[in-house]
Amino acid sequence: MGAVDSEPDTSARQWRVDRALPLCKLGAAALFVALGVAFADGSPVRLGAGLLVAAVLLGWGVRDLVAPVRLAVDPGGVTVIEGFAGRRHIRWAEIERISVDTRARLGLSTETLEIDRGATLHLFSRYDLGVAPHEVAQVLRAVRATGPAGGPPTR
């Protein structure tokens, strides 16, 4: 049974932003509005700075609520988020490389899933996917290998 469990799932799947993340962003936006009002002390710059940060967090949180699915895969290819909340389906033949970039900074390691189309590069972090990018890359490679055309190997 161990060999079956270690093989990645090759059925259609999707990865989304963790459900708690947009709520945290919206809560932080409300906090910055409150801080801006509380510490403005008659200064339009302080109030404006608090409102600006709140507006950015609000937009970011709304995007997570409107388009929580960042990446989906099926035998024909992948669907990625495009723009604020749009979607684009990319056939396997259009994808040149699927890789995971790992960087170490200040004692912390971060991973980014990269889907390279040649002219465009789609990047996804753990926050976008809800799981580690290397796990998603394994699934993408497995689905690509079992897809209609099989596709070339990826790194």
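Chains are numbered independently. Their residues run from 1 in the order of the written sequence. Per-residue local features of the predicted model are confined to residues with pLDDT of at least 70, and side-chain atom pairs are confined, for both listing and counting, to 80 or more; whole-chain, interface and lining totals are unaffected and use all residues. Excluding hydrogens and water, the side-chain figures rest on all heavy atoms present in the structure.

Trainee: Explain a nonpolar patch on the surface here, please?
Mentor: Two distance rules govern patches: like charges are joined within 9 Å, and nonpolar side chains (Val, Leu, Ile, Met, Phe, Trp, Tyr) within 5 Å, applied only to residues with over 30% relative accessible area and no salt bridge. The Shrake-Rupley method, run with a 1.4 Å probe sphere, supplies the accessible areas, and residue values consider only the shown protein chains as cover. One side-chain nitrogen of Lys or Arg within 4 Å of one carboxyl oxygen of Asp or Glu is enough to make a salt bridge. Taken together, the side chains of Leu-31, Phe-32, Leu-35, Phe-39 and Val-53 define a hydrophobic patch exposed on the protein surface, amounting to about 430 Å² of accessible area. Top element by residues in the nonpolar patch is helix 2 (residues 20-39). It accounts for four residues. Tracing the sequence through the fold places Phe-32 in helix 2. Only DSSP runs of H or I covering at least 4 residues are called helices, and only runs of E covering at least 2 are called strands; the numbering of each starts at the N terminus.

Trainee: Quick question: what am I supposed to make of the pairing of strand 6 (residues 108-116) here?
Mentor: In the case of a regular strand, side chains alternate between the two sheet surfaces. For two strands to pair, DSSP has to find at least two bridges joining them. Sheet topology places strand 5 (residues 97-105) next to strand 6; nine bridges connect them, and they run antiparallel. Across the sheet, residue Ile-98 finds its bridge partner in strand 6, namely Ile-115. The pairing of strand 6 with strand 7 (residues 121-125) spans five bridges and is classified as antiparallel. Within the sheet, the bridge partner assigned to Thr-112 lies in strand 7 and is Ser-125.

Trainee: Could you clarify how one ought to interpret the pattern of salt bridges in this entry?
Mentor: For side chains bearing opposite charge, pairing can occur when the charged atoms are close. Throughout the structure, instances matching the rule amount to nine salt bridges. A salt bridge links Glu-94 to Arg-117; the nearest nitrogen and oxygen atoms lie 2.8 Å apart. With Glu-94 in the loop between strand 4 (86-91) and strand 5 and Arg-117 in the loop between strand 6 and strand 7, this residue pair connects regions lying 23 residues apart in the sequence. A salt bridge links Arg-97 to Asp-116; the nearest nitrogen and oxygen atoms lie 3.4 Å apart. Residue Arg-97 is found in strand 5, and its partner Asp-116 is found in strand 6; the two are separated by 19 residues along the sequence. Each of Lys-25, Asp-64, Arg-70 and Asp-128 takes part in salt bridges that share partners, so that together they form one network.

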